[in-house]
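Descriptive structure summary
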Amino acid sequence: MRLPNDPPPPADFGEVYRMHFDFAWRSARRLGVPDHALDDAVQETFMVVHRKLGEFEGRSSLKTWIFGIIRRVVRDHRPPARWQLAPPAMLDQIAEPVEDGPLHSAANAEAGRRLARLLDKLDDHKREVFVLVDLEEMTVPEAAEAIGANLNTVYARLRAARRALAEVLARERARERNLERCSG
Amino acid sequence: MLGLDPDLRQLVDEARGCDDPVAADRARVTRALAVRLGAGALAAAATTATTAAATTATTATALGGSAVRTTAMAGLGSGAKLAGALVLAGTLGVGASVATRSRHAPAPGREARPTAVTRSAAPAPLPANARGASGLEEEVQLLREAQQAMREGHPDRALALVDEHARRFPEGLLRQERIAVRVLALCALGRTGQARRESEGFLRQWPASPFSTQLRASCGGPRR
């Protein structure tokens, strides 16, 4: 189902790549791909997109279609040996010394790290729903389309994810307050 | 429906943007993808680049050096960054890759990758000042193949490729990259003493290089 505000699907791979690179990168990272493996995961995602773009019929939104590919790539490529061992440092990883992304403050960066740690505590099903709805700001029907689940299932996973994360965060904050009180 | 807990909402808001890629990520992945897909697929997207972006990226390429390239990329407007990256990919590697593959096109069913031996019959070394963008493309291509060989677990082949780079481009613009890959290949082959000697020479010459940290952490780094 194409959503009313979706633009018609671009037929050109370069355009699809340009429009969705950031989304693919963010999603792979939020689904738990470690930094050293992100390049591979995103490349693999777009290799599949390139191969299958001709089969895309526009019955879903392009974004949710691509997410479906990302989640499969992430799962297929997540055996511990491949993702957890850092590869030897090589040209691509070490040849780009200049960072020009958003200039996050230390507080923002810490928030990013904390959120990543929290996401690691969710199982894959809850994690992907939380990522899509609360981080990517998709609607629940869009998220359901992206992961191929029915609406009730997605609502249930979202509720469970939010509850689990809120509980973990509350515990962490309580522990931090305790530490501050004891050290102060 | 359970809403988002206020603390969690605040954390999500504060973390917004932290997972976004930076231009260097886009450029790196785009280059690698362009090599895997061939010139056609990504080149089309480059047509959306502004003339300024294309000129900047191409000029940066001609100047060479990853820091220069990336700095130039950082100077592009945000909308032009990816387009710039695509131009960069086309300029840096895709053309050279395709040309190389067609020159070495094997008979069907035979090993597709050109060998270092085949390549060693290639042109003699060029002086640094006689090379333009095409020379740099060849440098990039050689080192990319060396890197790929490392990824695929063939450090001996990687070593042959960086040695070829050294023969053809002794004063090449990507000398640092070459030596970094060479040290890692030597480590992978267990030639620790040689790796350490070359790494020490590198660190004396370029102590603040972006590769220094990696080399210090490799088998060629200082003894602990």
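Residues numbered from 1 in each chain as written. Chains lettered and ligands numbered in written order. Predicted model: local features only at pLDDT ≥ 70, side-chain atom pairs only at ≥ 80, totals over all residues. Heavy atoms only, no water.

Below, the discussion takes up the overall build of chain B. Along the backbone of chain B there are twelve helices and zero strands. Looking at chain B as a whole, 51% of its 224 residues qualify as buried. Sequence-distant contacts in chain B: of pairs separated by 6 or more residues, those separated by 24 or more amount to 64%. For chain B, the exposed area adds up to about 9900 Å²; of that, 55% sits on carbon and sulfur atoms. (Helix = DSSP H or I, 4+ residues; strand = E, 2+ residues; numbered from the N terminus. Buried < 20%, exposed > 50% of the residue type's maximum accessible area, 1.4 Å probe, protein only. Contact = heavy atoms within 4.5 Å. Areas by Shrake-Rupley, 256 points an atom, 1.4 Å probe, with all protein chains shown as cover.)

Put simply, helix α1 (residues 13–30) of chain A and helix α2 (residues 23–37) of chain B touch, their axes get as near as 12 Å, and they point 135 degrees apart. With respect to α2 of chain B, the axis of α1 of chain A lies oblique. Of the two elements, α1 of chain A crosses α2 of chain B, and the hand of that crossing is right-handed. On α2 of chain B, the residues touching F13, Y17, F21, D22 and W25 of chain A of α1 of chain A are D25, R26, R28, V29, T30, L33 and L37 of chain B. Of the residues assigned to the contact of α1 of chain A with α2 of chain B, the class counts are seven nonpolar, one polar and four charged. (Axes fitted to C-alpha atoms, helices over the stretch in contact; angles between N-to-C directions. Parallel < 35°, antiparallel > 145°, perpendicular 65-115°, else oblique. Left-handed = near helix turned anticlockwise from the far one by under 90°. Nonpolar A, V, L, I, M, F, W, Y, C, P; charged D, E, K, R; others polar.)

Residue and element names in this part refer to chain A. Within this structure, the stated rule accounts for eight aromatic pairs over all chains. Taking 5.0 Å as the distance between ring centres and 45 degrees as the angle between the ring planes, the aromatic pair formed by F56 and W65 counts as tilted. Taking the relative accessible area as the measure of exposure, F56 reaches 14% and is therefore buried. An aromatic cluster of three or more residues is present, and its members are F13, Y17, F21, W25 and F46. (Phe/Tyr/Trp six-rings, centres within 6.5 Å; stacked < 30°, edge-to-face > 60°.)

When you line up the elements, E172 of chain A lands in helix α9 (residues 151–183). Residue classification places E172 of chain A among the buried residues on the basis of a relative accessible area of 12%.

Moving on: the state of the cysteines. Residue and element names in this part refer to chain B. Applying the stated criterion across every chain yields a total of one disulfide over all chains. C187 shares a disulfide with C219; S-S distance 2.1 Å. Taking the sign of the S-S torsion, -95 degrees for the link of C187 and C219, the bridge is left-handed. Taken together, the positions of C187 in helix α10 (residues 175–188) and C219 in the segment after α12 (212–217) put the pair 32 residues apart, joining distant regions of the chain. You can call C187 buried: its relative accessible area is 19%. By relative accessible area, C219 is classed as partly exposed at 25%. (Disulfide = S-S within 2.5 Å.)

Generally speaking, a soluble globular protein has its nonpolar side chains buried in company with each other. Ranked by size, the top nonpolar core spans 60 residues in total, and within it F13, F46, V49, W65, F130 and V154 of chain A together with L8 of chain B carry the most contacts. Apart from the residues within four sequence positions on either side, W65 of chain A is in contact with V49, K52, L53, F56 and S60 of chain A. One finds V140, L142, L186 and W206 of chain B within the second-largest nonpolar core, a separate group that totals 26 residues. (Core = buried A, V, L, I, M, F, W, Y, C linked by side-chain atoms within 4.5 Å.)

It is generally the case that most residues other than glycine have a negative phi and that most peptide bonds are trans. Residue and element names in this part refer to chain A. Residues other than glycine seldom take positive phi values, yet E137 does so here, at roughly 60 degrees. Looking at where E137 falls in the secondary structure, it is placed in the loop between α7 (124–135) and α8 (140–147). Accessibility expressed as a relative area gives 55% for E137, which makes it exposed.

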